[in-house]
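Chain residues, written in single-letter form:
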Number of protein chains: 2
Amino acid sequence: MRVVDLADGVRRADPRILARALSVIERGGEPARDLLAALRTDGGAPHVIGITGPPGAGKSSLVEALGLLLNRSKGPVAVLAVDPSSPFSGGAILGDRVRMVRLAAAPGCFVRSMATRGALGGLAAAAADAVDVFAAAGFPVVLVETVGVGQDEVDVMHVADTVILTLPPGLGDDVQAAKAGIMEIAHLFAVSKADLPGADQAVAHLRAMVELAPPGPWRPPIVQVSVVAGEGLEELAEAVAEHARFLETEERRRGGRLDRAEHRIRRAVQDLAWRRLSAEHAGRLEAAIKAVGQGRKDPYTAAEELLRQLES
Amino acid sequence: MRVVDLADGVRRADPRILARALSVIERGGEPARDLLAALRTDGGAPHVIGITGPPGAGKSSLVEALGLLLNRSKGPVAVLAVDPSSPFSGGAILGDRVRMVRLAAAPGCFVRSMATRGALGGLAAAAADAVDVFAAAGFPVVLVETVGVGQDEVDVMHVADTVILTLPPGLGDDVQAAKAGIMEIAHLFAVSKADLPGADQAVAHLRAMVELAPPGPWRPPIVQVSVVAGEGLEELAEAVAEHARFLETEERRRGGRLDRAEHRIRRAVQDLAWRRLSAEHAGRLEAAIKAVGQGRKDPYTAAEELLRQLES
């Protein structure tokens, strides 16, 4: 299928063409870049909501429940479930996605998982590109879910306007330390499985943490949610809406968009610089690797010399 | 202190100058690069042993116990404790380091923690640079400990010849999924706190996993260790020595060194390309960020245009 036809189909939000377009994005490389270039429009930007949290927090059911709610109030919802864990163990996690059947069947809604990216740039870049595809298709709301940990997770969440961190009750200090990076970029905390013991304690724990953080214009609300008992979902949707309103003021949303654009350009420049060097100066690169590997040269001197080649 | 004097002091393994040199490395930037360039020698390469695992696995006590053992058989041991968790919660974890007092007091040994890096390149680059400093100081063994999760942790562990993954008993499937990336680069598994219930089960679990992995020339051994009971440490040290012997065959160690050199050069080239672009073409970069942020241009087209500027 030609790039223009693919782009047209995406703009019409044709679900089959959307699926093909996302596969092109997932594979990466030249075809993905061509598609993204063809998709540029002055179309509206969706509200991108990121949902993350440790395995076992019940993210998938929360995403589906929130998606169904937002579908009723805002229109078609797209879900991108991103799994940065390796293929070695990724299967079980991806299996969760097939459970999001109710949302996938809702009119105009679309559920997609993404686990690998063949090309350079990584999964976080692919997630950002996929959100561009959903934007071109006119979805007013895009939910991005990730089970990542550490920097991967933070990278994927960079795509979102609003980040929800989902935590199960009975959360120990260890988990908190491990999740530190993501805690700082979360706009909302959802304590899931609020029907289980320990939920109140988790909320108190989080509240103390939020109060310790340096004061800013936005104080992350903490919402207790139980998908099983059907509790707290409206409150969570309201908190999301409130954050959306916050973003609209003082051009905060635009600022966030510019930060994310810089992040994406940086990653693209860095990938491209390395690809060119590897392709056009392979011999010099090999010699540099040998010199650094044998301790005859430090990597920074080698990098300066190589970049000079690229610039000449 | 001049760079040549700093480099001289490092080569003499003067502990006070070593500490200053590591602070220079930690701060990064031009002084760090100058020091690394001055330190290049044809000196021997230490056996770099990485130790990682989730918080609560008892890594610090294991590192100290293993360090004391290796000190008796191999000579001076350097420890680098790397903490990629954010400053927001990093304090408690760093506090652990002060407990490594016995090893720090052993003759010729050196214990250092590293939590932040001001300059570009990140903590993983700083850890690799710090290992270069220890190599120049002639340490035969360097232990690198990290509490990182996900990609951070994998990045830091790239510095090591031998990677030990420490896991506590009572390890659930969730933790395994979360640690998938690191499982694949581990050469040895140490089930810590072997005196606690669940240790045998954890070993059985790991054994099943190792057997599922594609067969290779090295099959990761699984060792039960209890620092409290003083059990399994000799066995762990023997497994480490066996991996060192494995590396010496068929130039495997050299291959690993070249891979790591490539990794470091890549990171350095990418940082440098971005720094130059930001410094020398700030106006064009700002315009590109605006265009991508407003959806008028895709990040890959913007990257190509910007890199063309750098090359012209």
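Cut-offs used in this document
- Residues numbered from 1 in each chain as written.
- Chains lettered and ligands numbered in written order.
- Predicted model: local features only at pLDDT ≥ 70, side-chain atom pairs only at ≥ 80, totals over all residues.
- Heavy atoms only, no water.
- Helix = DSSP H or I, 4+ residues; strand = E, 2+ residues; numbered from the N terminus.
- Buried < 20%, exposed > 50% of the residue type's maximum accessible area, 1.4 Å probe, protein only.
- Contact = heavy atoms within 4.5 Å.
- Areas by Shrake-Rupley, 256 points an atom, 1.4 Å probe, with all protein chains shown as cover.
- Expected span 1.5 Å × (residues − 1).
- Domains from an automatic or database assignment.
- Polar contact = N/O pair within 3.5 Å; in protein donor to acceptor, adjacent residues only side chain to side chain.
- Nonpolar A, V, L, I, M, F, W, Y, C, P; charged D, E, K, R; others polar.
- Pairing = 2+ DSSP bridges.
- Axes fitted to C-alpha atoms, helices over the stretch in contact; angles between N-to-C directions.
- Right-handed = clockwise from strand over helix to strand, strands pointing away.
- Core = buried A, V, L, I, M, F, W, Y, C linked by side-chain atoms within 4.5 Å.
- pLDDT = per-residue confidence, 0-100.
- Phe/Tyr/Trp six-rings, centres within 6.5 Å; stacked < 30°, edge-to-face > 60°.
- Salt bridge = Lys/Arg side-chain N within 4 Å of Asp/Glu carboxyl O.

1. A word on the overall build of chain A
For chain A, the count of helices and strands is 15 helices and seven strands. Looking at chain A as a whole, 54% of its 312 residues qualify as buried. For chain A, restricting intrachain contacts to residue pairs at least 6 apart in sequence, the fraction spanning at least 24 positions comes to 75%. When the accessible area of chain A is evaluated, it comes to approximately 13200 Å², of which 53% is carbon and sulfur surface.

2. A look at the environment of B:I51
Residue and element names in this part refer to chain B. Residue position: I51 is located in strand β1 (residues 47–52). Judged by relative accessible area, which is 0%, I51 ranks as buried. It is 18 Å that separates the C-alpha atoms of I51 and V203, two residues lying 152 residues apart in sequence. When neighbours within four sequence positions are excluded, I51 is seen to be in contact with K59, V63, L66, L143, V144, E145, T146, M157, I164 and T166.

3. Focus on helix α2 (residues 15–27) of chain A
All names here are of chain A. The end-to-end C-alpha separation of α2 is 19 Å, in line with the 18 Å expected for 13 residues at 1.5 Å each. Where α2 is concerned, the buried positions are I17, L18, A21, L22, V24, I25 and E26. Summarising the contacts, the buried residues of α2 are in contact with α1 (3–11), α3 (29–39), β3 (110–114) and α7 (122–136). One or two residues past the end of α2 sits G28, with phi positive at roughly 70 degrees.

4. A few points about the domain arrangement of chain A
Interfaces are frequently sized by the accessible area removed from exposure as the parts join. Residue and element names in this part refer to chain A. For chain A, the assigned domains read domain 1 (1–40), domain 2 (41–248) and domain 3 (260–311). The interface is formed by twelve residues belonging to domain 2 together with six residues belonging to domain 3. At the boundary of domain 2 and domain 3, one finds five residue pairs in polar contact (both at pLDDT 80 or more). Residues that form the side of domain 2 that touches domain 3 fall into these classes: six nonpolar, two polar and four charged.

5. A word on the sheet that holds strand β4 (residues 141–146) of chain B
All names here are of chain B. With parallel pairing, seven strands are arranged side by side in an open sheet as β3-β2-β4-β1-β5-β6-β7. Both outer strands of the open sheet, β3 (110–114) and β7 (222–224), are each paired with one neighbouring strand and no more. Neighbour-to-neighbour, the strand axes of the sheet open up by a mean angle of 20 degrees, direction not taken into account. The sheet contact formed by strand β6 (residues 188–191) and β7 spans three bridges and is parallel. When the bridges of β7 are listed, V191 appears paired with Q224. The strands that helix α7 (residues 122–136) touches are β1, β2 (77–82), β3 and β4; relative to β2, the one it contacts most, it runs at about 170 degrees. Here helix α12 (residues 233–248) sits on the sheet and contacts β1, β5 (162–167), β6 and β7; the angle it forms with β6, its principal contact strand, is near 175 degrees.

6. Notes on the sheet that holds strand β6 (residues 188–191) of chain A
All names here are of chain A. Spatially, the seven strands line up as an open sheet ordered β3-β2-β4-β1-β5-β6-β7, and their pairing is parallel. Looking at the sheet topology across the chains shown, the edges are occupied by β3 and β7 (222–224). Each strand of the sheet is rotated relative to its neighbour by a mean of 20 degrees, with strand direction disregarded. One ladder, built from six bridges, connects strand β1 (residues 47–52) with strand β4 (residues 141–146); its direction is parallel. Residue pairing across strands places I49 opposite L143, the latter belonging to β4. Packing against the sheet, helix α12 (residues 233–248) makes contact with β1, β5 (162–167), β6 and β7, and its axis sits at approximately 175 degrees to β6.

7. Some thoughts on the pairing of β5(B)
All names here are of chain B. With six of six residues buried, β5 is to be regarded as a mostly interior element. Along β5, one buried face is formed by T162, I164 and T166 and the opposite face, lined by V163, L165 and L167, is buried too. Bridging between β1 and β5 involves four bridges; their strand directions are parallel. Its bridge partner being in β5, I49 is matched across the sheet by T162. The pairing of β5 with β6 spans four bridges and is parallel. In the sheet register, L167 faces β6, and the bridge partner there is V191.

8. Describing the pairing of β6(A)
Here β6(A) shows no split at all, with A:L188 and A:A190 on one side and A:F189 and A:V191 on the other all buried. With helix α11 (residues 199–212) of chain A bridging β6(A) and its parallel neighbour β7(A), the resulting β-α-β unit is right-handed.

9. Points about the nonpolar core
Grouped together as the largest cluster of nonpolar side chains are 114 residues, with contacts concentrated most on A:F134, A:V144, A:I265, B:F134, B:V144 and B:I265. Setting aside its immediate chain neighbours within four residues, A:I265 contacts B:W274, B:L285, B:A288, B:I289, B:V292, B:P299, B:A302, B:A303 and B:L306.

10. Some thoughts on the confidence of the model for chain A
Caution applies to low-pLDDT regions: their predicted coordinates should not be interpreted in detail. Residues and elements named next belong to chain A. Summarising the model, chain A shows a mean pLDDT of 84, and 86% of its residues fall at 70 or more. At the low end of the mean pLDDT range in chain A sits helix α5 (residues 87–95), at 41; at the high end sits α1, at 95. Counting interchain partners and residues more than four positions distant, the pLDDT-below-50 stretch residues 86–97 has 23 contacts. At the level of chain-chain contacts, confidence expressed as ipTM amounts to 0.80, with global pTM at 0.77.

11. As for the packing of aromatic side chains
Under the criterion given, the structure shown has six aromatic pairs over all chains. Between B:F134 and B:F139, the ring centres sit 5.5 Å apart and the planes meet at 90 degrees, which makes this aromatic pair edge-to-face. Aromatic side chains B:W218 and B:F246 sit 5.1 Å apart centroid to centroid with 40 degrees between the ring planes, which places their arrangement in the tilted category. In this pair, B:W218 is assigned in the loop between α11 (199–212) and β7 and B:F246 in helix α12, connecting sequence segments 28 residues apart. Grouping residues by exposure puts B:W218 and B:F246 together as buried. Three or more aromatic residues joined by ring pairs make a cluster, and in this case those are A:F110, A:F134 and A:F139.

12. Description of unusual backbone geometry
Residues and elements named next belong to chain A. Notably, A13 is not glycine yet its phi reads approximately 60 degrees, a positive angle. If you trace the backbone, A13 turns up in the loop between α1 and α2. Among the residues examined, A13 registers a relative accessible area of 29% and is labelled partly exposed. The phi torsion at K193 lies on the positive side, around 50 degrees, for a residue other than glycine. Relative to the helices and strands, K193 resides in the loop between β6 and α11. You can call K193 partly exposed: its relative accessible area is 32%.

13. A look at the pattern of salt bridges
Applying the stated criterion to the full structure yields 27 salt bridges over all chains. A:D132 serves as the salt-bridge partner of A:R40, at 2.8 Å between the closest nitrogen and oxygen. On the criterion of sequence distance, the pair formed by A:R40 in the loop between α3 and β1 and A:D132 in helix α7 is long-range, its members being 92 residues apart. Note on A:R40: relative accessible area 22%, which makes it partly exposed. By relative accessible area, A:D132 is classed as buried at 17%. Where B:D129 meets B:R264, a salt bridge forms, and the shortest distance between an N and an O atom there is 2.6 Å. Pair noted here: B:D129 is in helix α7 and B:R264 is in helix α13 (residues 252–280), with a separation of 135 residues, a long-range link.

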